[in-house]
Amino acid sequence: MPNILILSSILSLLITAYPNALPTDITNGIRTDPDAIRAASNDYGNLVHQVPSAVLYPSSINDIVELIKASCCNYSTPFTIAARGRGHSVRGQAMAGGGVVVEMAALSRNGGGIRVSWSRSLGYYADVGGEEMWADVLRVGLEHGLAPVSWTDYLYLTVGGTLSNAGISGQSFRHGPQISNVLELDVVTGKGELITCSRNMNSELFFGALGGLGQFGIITRARIVLDKAPARARWARLIYSNFSEFTRDQERLILTNASNYVEGFLITNERTTKQWRSSFSSPSHQSDVASLWKKHRLLYSIELVKYYDNLTASTIDKEFGVILEELNFIPGFIFRRDVPLVDFLNRAGNLDDGREELEAHPWLNLFIPKSRIHDFYDGVLENMIPKLRKTPGLFIFYPLNTKKWDSRMSAVTPDEDVFYNLGLLHSGRPNESDVFELFNNQVLGFCEKAGIKVKQYLPYHKSREDWIKHFGSKWSIFQQRKMEFDPKMILSPGQRIFN
Ligand SMILES: Cc1cc2nc3c(=O)[nH]c(=O)nc-3n(C[C@H](O)[C@H](O)[C@H](O)COP(=O)(O)OP(=O)(O)OC[C@H]3O[C@@H](n4cnc5c(N)ncnc54)[C@H](O)[C@@H]3O)c2cc1C
């Protein structure tokens, strides 16, 4: 436990040398016991383990302000600080080796940090604590008949955590990522200042923090756009064996805007056909899909949703039929459901209950420019994915519209109007992760060699050069904002951009 000893001595030094540096309520919230340290040294990826010196369980936003001030301003040697939402990063991005991790969940009041309002100029919105989970935003919103418009596939992620990346799902083609649906933020910067910002007020901080990988401050409140919540989701999965037809239909769907949600995934093995069946269609459908898979060895599925409510219930069949008529899926290979909105949005459930701690998740998420998607198909989907046939994992694949992203924000996309998101969501035992790491590196290597300018989403880069390449033309502004808002480079060191 040398790190704990170091922090204990840092803290006792702080307290004796600077009696006003750390108020007693912070020292009360600081934990250095093995349980707290262990939890903050791991994440969903279970691949990177960085041991912090201590963990702060803040009881108020002021505790966070005081902790950052103690590091940046009251003490000659700054220590690093990372906000930890729920630790759903996969490569240590919410860790702070040797520093202090802030367990944002300690602030959570089980949805109590969510306040719904309306104003003439803004319409409906919710002021939400950065520590709150999207599942709670949904629950509280629905109590008012309202809901956010842009989601992630999984709802047990924090608002501060997804807004530090982008927050994408099948609604993003229509409404943009979650960062495009934020009106205002409160951020505690790396200088220990609590600043309210928006498009028109302290806008550098606002644009910097959205997609900013935690580099400029800790988001303590986000004002999120709400809209009237639809009652139900008409939901279909369609199967394709031809990649060109699959992508042509996905692109048509996001351009016509007739549906509310468009995603897709690859069916790479029989196991996928079974998983897929269990949540959707009947056993006979499953054997049909399995026989089809045996013939083609790689299938594609579009997932499509149209929302409706009491007023539109009488026309939903017709409207949904019109959308489907345009599409070229394999005749008969359409599977439908009709569920309440909440069942659709919360379709993944809470994966954290009883999660297998021994599992590792060496994920790779890529944004691929549309103009090169067929080259990507030839190199990766046709030639490389089949090598993973025996391994579990989910491969998500769907297109997004760049015009729904705000280029002033820190999040990075390819330089084209449409790009595809491919999520290679591998899972396995930690000692199997080398296989996936090798595979991921081969995919990246192929793109590099073929000149396909992909961008990583939830990025992980090992060198400063790779980060500069990742941000491209945004690098200089990203660096300037770092100098302005976190000049001592204290925050989110686990992203490994400046630390
Ligand atoms: C099962 C699963 C499904 C997922 N599905 C999707 C999906 O559909 N779409 C999608 O976009 N993403 C998805 N993700 C990825 C997810 O968006 C990221 O893991 C994200 O980091 C949110 O997780 P978290 O809230 O636990 O944040 P953490 O992992 O704890 O933190 C992420 C980063 O943000 C920083 N941070 C955390 N809180 C704050 C804050 N309040 N202010 C400033 N910085 C902060 C941390 O220091 C860290 O650098 C998924 C992840 C999992 C595990």
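Looking up the chain in an unreviewed UniProt entry gives the name cytokinin dehydrogenase, with the organism given as Sesamum indicum. Listed under Cofactor (unreviewed entry) in UniProt, the entry text for the chain is "FAD". For the record of the chain, the UniProt heading Sequence similarities (unreviewed entry) holds the text "Belongs to the oxygen-dependent FAD-linked oxidoreductase family."

Enquirer: I'm lost on unusual backbone geometry in this one. Help?
Expert: Glycine aside, residues mostly have negative phi, and peptide bonds are mostly found in the trans state. If you check the backbone angles, Asn 257 has positive phi at about 65° while not being a glycine. Residue position: Asn 257 is located in the loop between helix 9 (243-256) and strand 12 (261-267). By relative accessible area, which is 34% here, Asn 257 ends up partly exposed. For Met 489, which is not glycine, the phi torsion reads 55° and is therefore positive. Among the secondary structure elements, Met 489 is positioned in the segment after helix 17 (475-485).

Enquirer: I tried to follow the packing of helix 14 (residues 373-382) against helix 15 (residues 433-450) on my own but got confused; where do I start?
Expert: Two quantities define a packed helix pair, namely the angle between the axes and the distance from one axis to the other. Across the interface, helix 14 lies against helix 15 with an axial gap of 10 Å and an inter-helix angle of 140°. It follows that helix 14 is oblique to helix 15 by the angle criterion. Where helix 14 crosses over helix 15, the handedness of that crossing is right-handed. Here Asp 375, Phe 376, Gly 379 and Val 380 of helix 14 lie close against helix 15, whose contacting residues are Val 443, Phe 446 and Cys 447. Residue composition of the contact of helix 14 with helix 15, grouped by class: 5 nonpolar, 1 polar and 1 charged.

Enquirer: For this particular structure, what's the right way to read the sheet that holds strand 17 (residues 418-426)?
Expert: Sheet strands line up and pair through hydrogen bonds in the backbone, either parallel or antiparallel. Strand order in this open sheet of 8 strands is 14-11-13-12-16-17-15-18, and the pairing throughout is antiparallel. Taken across any chain shown, the strands that pair with only one partner, and hence form the sheet edges, are strand 14 (334-340) and strand 18 (455-457). The average angle at which neighbouring strand axes cross in this sheet is 25°, direction not considered. Here strand 15 (residues 364-369) pairs with strand 17 via 6 bridges, running antiparallel. Bridge pairing links Phe 367 to Asn 421 in strand 17. Where helix 14 meets the sheet, its contacts fall on strand 12, strand 13 (299-308), strand 15, strand 16 (393-401) and strand 17, and the angle it forms with strand 15 comes to roughly 145°. Those strands touched by helix 15 are strand 15, strand 17 and strand 18, and its axis lies near 160° from that of strand 17.

Enquirer: Help me understand the site of the ligand, please; the structure alone is not making it clear to me.
Expert: Of all residues adjacent to the ligand, which total 34 residues, the nearest are Ala 83, Gly 85, Ser 89, Thr 158 and Tyr 457. Contact distances for the ligand include 2.8 Å between a nitrogen atom and a backbone N or O atom of Ile 168. Measuring from an oxygen atom of the ligand, one finds a side-chain N or O atom of Ser 492 at 2.8 Å. A total of 960 Å² of accessible area belongs to the ligand in isolation, and the protein chains cover 95% of it. The set of elements that each furnish at least two residues to the shell around the ligand consists of strand 3 (81-84), helix 6 (159-163) and strand 10 (217-228).

Enquirer: In this structure, what is going on with the packing of aromatic side chains? I would like to understand it.
Expert: The description of an aromatic ring pair uses the distance of the two centres, along with the angle that the planes make with each other. Tallied over the full model, the rule gives 28 aromatic pairs. Ring plane angle 80° and centroid distance 5.1 Å describe the contact between Trp 235 and Phe 344, whose orientation is recorded as edge-to-face. Placement of the pair is Trp 235 in strand 11 (residues 232-240) and Phe 344 in helix 13 (residues 341-345), with a sequence separation of 109 residues. Here Phe 344 falls in the buried class, since its relative accessible area comes to 0%. By way of ring pairs, the aromatic residues Tyr 240, Phe 243, Phe 246, Tyr 300, Tyr 377, Phe 397 and Tyr 420 are connected into one cluster. When the ring centre of Tyr 460 is taken as origin, the NZ or CZ atom of Arg 91, which lies over that ring, is 5.2 Å away.

Enquirer: Explanation requested: the sheet that holds strand 3 in the structure shown.
Expert: The strand order across the open sheet formed by 4 strands is 1-2-4-3, and the pairing between neighbours is mixed. The sheet is open, and its two borders are formed by strand 1 (30-31) and strand 3, each paired with just one other strand. Sheet topology note: the strand 2 (residues 54-56)/strand 4 (residues 100-103) ladder contains 3 bridges and is parallel. From the neighbouring strand, Val 55 faces strand 4, where its bridge partner is Val 101.

Enquirer: What exactly am I supposed to notice about the environment of Leu 183 here?
Expert: The residue Leu 183 is located in strand 8 (residues 182-189) in this model. The class for Leu 183 is partly exposed, based on a relative accessible area of 24%. It is 14 Å that separates the C-alpha atoms of Leu 183 and Gly 160, two residues lying 23 residues apart in sequence.

Enquirer: Can you help me understand the state of the cysteines in this one?
Expert: Think of a disulfide as a covalent bridge from one cysteine sulfur atom to another cysteine sulfur atom. On inspection of all chains with the given rule, the structure shows 1 disulfide. Two residues, Cys 72 and Cys 73, share a disulfide whose sulfurs are 2.1 Å apart. Residues Cys 72 and Cys 73 are joined by a disulfide whose S-S torsion is about -80°; by sign, that bridge is left-handed. Residue Cys 197 stays outside any disulfide, its sulfur separated by 18 Å from that of Cys 72, the closest cysteine.

Enquirer: Can you help me understand the pairing of strand 9 (residues 194-198) in this one?
Expert: Side-chain direction in a regular strand flips from residue to residue, so the side chains alternate between the two faces of the sheet. Here 5 bridges tie strand 8 to strand 9, and the two strands are oriented antiparallel to one another. Bridge assignment links Leu 185 to a residue of strand 9, and that residue is Cys 197. Turn length for the strand 8-strand 9 hairpin, with the two strands adjacent in sequence and antiparallel, is 4 residues, and the turn residue Gly 192 shows positive phi of about 75°.

Enquirer: Explain the environment of Val 305 to me, please; I cannot follow it from the model alone.
Expert: Position of Val 305 relative to the elements: it lies in strand 13. Sequence spacing of Val 305 and Glu 263 is 42 residues, and the spatial spacing of their C-alpha atoms is 9.1 Å. Excluding anything up to four places from it in sequence, Val 305 contacts Ala 233, Arg 234, Trp 235, Ser 259, Asn 260, Tyr 261, Phe 320 and Phe 344.

Reading the values: rules and limits
- Residues numbered from 1 in each chain as written.
- Predicted model: local features only at pLDDT ≥ 70, side-chain atom pairs only at ≥ 80, totals over all residues.
- Heavy atoms only, no water.
- UniProt positions renumbered as here; feature names shortened; annotations may be inferred.
- Helix = DSSP H or I, 4+ residues; strand = E, 2+ residues; numbered from the N terminus.
- Buried < 20%, exposed > 50% of the residue type's maximum accessible area, 1.4 Å probe, protein only.
- Axes fitted to C-alpha atoms, helices over the stretch in contact; angles between N-to-C directions.
- Parallel < 35°, antiparallel > 145°, perpendicular 65-115°, else oblique.
- Left-handed = near helix turned anticlockwise from the far one by under 90°.
- Contact = heavy atoms within 4.5 Å.
- Nonpolar A, V, L, I, M, F, W, Y, C, P; charged D, E, K, R; others polar.
- Pairing = 2+ DSSP bridges.
- Near = heavy atom within 4 Å.
- Polar contact = N/O pair within 3.5 Å; in protein donor to acceptor, adjacent residues only side chain to side chain.
- Areas by Shrake-Rupley, 256 points an atom, 1.4 Å probe, with all protein chains shown as cover.
- Phe/Tyr/Trp six-rings, centres within 6.5 Å; stacked < 30°, edge-to-face > 60°.
- Lys NZ or Arg CZ within 6 Å of the ring centre and 35° of its normal.
- Disulfide = S-S within 2.5 Å.

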